[in-house]
Structure formats: C-alpha cells, structure tokens
Amino acid sequence: MSAPRPDAGFSTRAVHLGIDPDPTTGAISPPVFQTSTYLQDAVAQPRNGYEYSRCANPTRDLLHRQLAGLEGGRHAFSTPAGLAAEDLVLRATLRPGGHVVTGTDAYGGTFRLLEQVWGPWGIGTSAVDLTDPAALEARLAELDAGALVWVETPSNPFLQIVDLAACAEVCRRHGARLVVDNTFASPYLQRPLALGADVVVHSATKYLAGHSDSVTGVVVVDDDELAEQIAFLQNAAGQVSGPMDAWLTIRGLKTLAVRMDRHCANAQHLAEWLSSHPAVSAVHYPGLPSHPGHELAARQMDGFGGMVSIQLAGGREAALALAQSTQVFLLAESLGGVESLVVHPGDMTHASVKGTSRAVPEDMVRLSVGIEDVEDLQADLEQALAAR
C-alpha cells in the first residue's frame, strides 16, 4: 500500500494515498472489484476478510483509506448517496426523543430527511442562526445532553459561514455532537475534524467525484467507538456504495485540488463581476469582502469555493428567465462537477421547504461554477441577464 510522507502536500496524498500498482499486472489505476461474493478457502474462512461485498469490497476499502487520510480522520464510510450518509449518522447517534439543531440555511433534502422521515420516529428538529455561537449556546442549554448539531458551511444556498471551532466548543460544553456537511468546501478547502467536529459528511456526488457520473455519500469520523457503531449499521442496513461508484470517486479525488483551484478562481471572478451588474440585487459569495462571513472564511478555509448565489432585481420572473436562458451553464440539479450548472433553488433543490419559514427567495439563482474558460462563463451570464 502506498504511503506518502506524512508532510506530503494534499495533491500528492490524493494521488498516491493507499494506491499501489496492481501486483499482478502492474496497472497504475486500481481495479474495480465488480463482484458480489468471494471464494472462501474453507467454511467460514474468507480470504483477507472478504466474503460478501455488502460487508467489504477492496475498491470501496481503498476509497475509505483515501477519504480518511484527506479529511484527517481514522475511519471513513461510503454510502449510496449523500442523504444515505446523513441517514447513517442519524441512526448511529440518535434514539427516539433525540434532537437535531440545524442552521436556518441548509440543503432542502436534509430538512426533508429530518422532519418528514425522522420526525415521525420521535426525533425533534429546531433551527437557529449558527453564525451566532451565542444562539447555539442558548438553544443547547434548553436541550438534554446528546443533541446533534448539524452544520453546513458554506451553507446551501446562501453561502453562510459558520465558525466551526466556536461551535465545537459550545457543543463540548453541552454534551452535543457536531456534524459538519463539508460538501461545498471539500477537504481541499476545509477540514472540520481538525476544527473540533465529531463527524464529517459529504455528498461525494459533488466535488469529490467531480464529473457528474456517480452518486455516492461519505461519512468520516475519528472516534473508534462511533466508527464501530456506524460500521455495524452500514453492514446491517446495507448502506454501502457500489464498486463502480467507489472507483469513480477514487478517480475524482486524484484531481480534486486542481479542479477546486479552477472552481474557486472562476467563481471569484464571476462574483466580483456580478456584484456590479445592474440586473443583480445581491451576490452571495464568501470571497467577496462584503460577505458577512468573509474574514472567517479566509481564516477557516483555504479558498472560497465554487458556489455563487445571486438575487435578481427583476424578482422571480427574472430569476426563471436567467435559469432558462444560459447555454454554457446547464439547467440541472446537483453541483460540483466540471461543467457549470444553474438552478432555481426555490423550485428545484429546495422545493421541499417551499411555503415554509425556510423557503428560498423566489428571486434567487444558484450557480455551480465549473472549470470552463471564465470568459465564456461571463459571456453566457451576460447574454442570459440581457434576455430576462
């Protein structure tokens, strides 16, 4: 197994961590073990622990080593989707009567999972402004120990920035666990475990795999006991990623750093340009000095990410017109791939919270800025804004 120096850079570790040329053929790219079962040498004597691919698979195990090393944890798990990763964490950490504190801004699917799936099973949910540690302190003081605090930073779609170290300190004082959805940042830009988080989750479908060709979720922890609980539940409930999705994520992680550099540079350029456009009433991007979380993001992250949300001066109709007038930006849900995407969150990614206090403004459009030439991206948005 390849073992880069402990002080090796992120890209070196992403390319080489746990990956050796195949001993039989010398293949540089690891094989896909597309198998459901394995030959055993005798009754109940599997080779190297491999008996059935729900329990363990060499391709998936390689991904787990790669993920754990990049996030700075000892244990990683990959699941069939990002929401499956969230569900696995909830199963492992909560019992009926438990409570999850979320931010006021988060992925609509997370709210749906908590309130419509877990709510009927006795799990309570409340939302506070997690950009204010005092608000979290006050809420946890009202709850029993054992609550879960669920943070997105940057958040979806307002790109709010939460002080993870401050939240971790508050959680420790109140016996709560801190879970951080690191999807928007990726471990290249932010490593929550080093800032005090207990659990990191990802939709690896997004930046980690990076090519819009797989659906996978990720859980990373550093706690051995919690890892044992997650491992048991993952096997018992069958919440495992398939070998091909694991392999596609391994491939994507190797280029994460170079992709994120381009995502960040393109997003910064577009955010600055859009800030002065007369058709745009607001730009949400932590790389802008005007963003309320800019200074914190500069300290906590190694870049500001590839997501930009804008609000249109012409309201809902202008937002819909923009979303349906772009040519390089593709109208599609998801994010984090090499191609640029545009969505109207209120009717697409956050439709599950429409009509509630968590509804996304109707004048908002979310941009997942890809790695195309930034001049082409700007020209595309310029013509779409003119077409509204």
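Analysis parameters
Residues numbered from 1 in each chain as written. Predicted model: local features only at pLDDT ≥ 70, side-chain atom pairs only at ≥ 80, totals over all residues. Heavy atoms only, no water. 1 Å grid on protein atoms, 1.4 Å probe; cavity = no way out; pocket = protein on both sides within 12 Å on 5 of 7 lines; lining within 4 Å. Points joined across faces, edges and corners; volume = space filled by probe spheres on them. Helix = DSSP H or I, 4+ residues; strand = E, 2+ residues; numbered from the N terminus. Pairing = 2+ DSSP bridges. Axes fitted to C-alpha atoms, helices over the stretch in contact; angles between N-to-C directions. Phe/Tyr/Trp six-rings, centres within 6.5 Å; stacked < 30°, edge-to-face > 60°. Buried < 20%, exposed > 50% of the residue type's maximum accessible area, 1.4 Å probe, protein only.

### Focus: empty space enclosed by the protein
Next up, step 1: One pass over the full model with this rule turns up one cavity of 30 Å³ or more.
Next up, step 2: Taken as a whole, the largest cavity holds about 70 Å³ of empty space.
Next up, step 3: The wall of the largest cavity is formed by 13 residues, among which Gly103, Thr104, Asp105, Leu130 and Glu152 lie closest to the centre.
Next up, step 4: Broken down by element, the residue count for the lining of the largest cavity peaks at three residues, all from strand β6 (residues 148-152).

### Some details on the layout of surface pockets
Next up, step 1: Roughly 520 Å³ of internal volume is contained in the largest pocket.
Next up, step 2: Lining the largest pocket are 21 residues, and of these Pro23, Pro31, Phe33, Pro58 and Arg65 sit closest to its centre.
Next up, step 3: Take the lining of the largest pocket: its biggest share by element is five residues, from helix α2 (residues 58-71).
Next up, step 4: By volume, the second largest pocket is sized at about 360 Å³.

### Some remarks on the sheet that holds strand β7 (residues 177-181)
Next up, step 1: Read from one edge of the open sheet, seven strands run β3-β9-β8-β7-β6-β4-β5, paired in mixed fashion. On the outer flanks of this sheet lie β3 (75-79) and β5 (124-128), each paired with one strand and no other. With direction set aside, neighbouring strand axes in the sheet form an average angle of 20°.
Next up, step 2: Pairing analysis gives three bridges linking strand β4 (residues 99-103) to β6, with the strands arranged parallel.

### Section: the packing of aromatic side chains
Next up, step 1: Inspection of every chain in the model, using the stated rule, returns two aromatic pairs.
Next up, step 2: When the ring of Tyr38 is compared with that of Tyr50, the centres are 5.6 Å apart and the planes differ by 35°; the resulting orientation is tilted. Here Tyr38 is found in the loop between α1 (10-16) and β1 (40-42), whereas its partner Tyr50 is found in the loop between β2 (45-46) and α2, with 12 residues between them in sequence. Here Tyr38 and Tyr50 have matching classes, each one buried.

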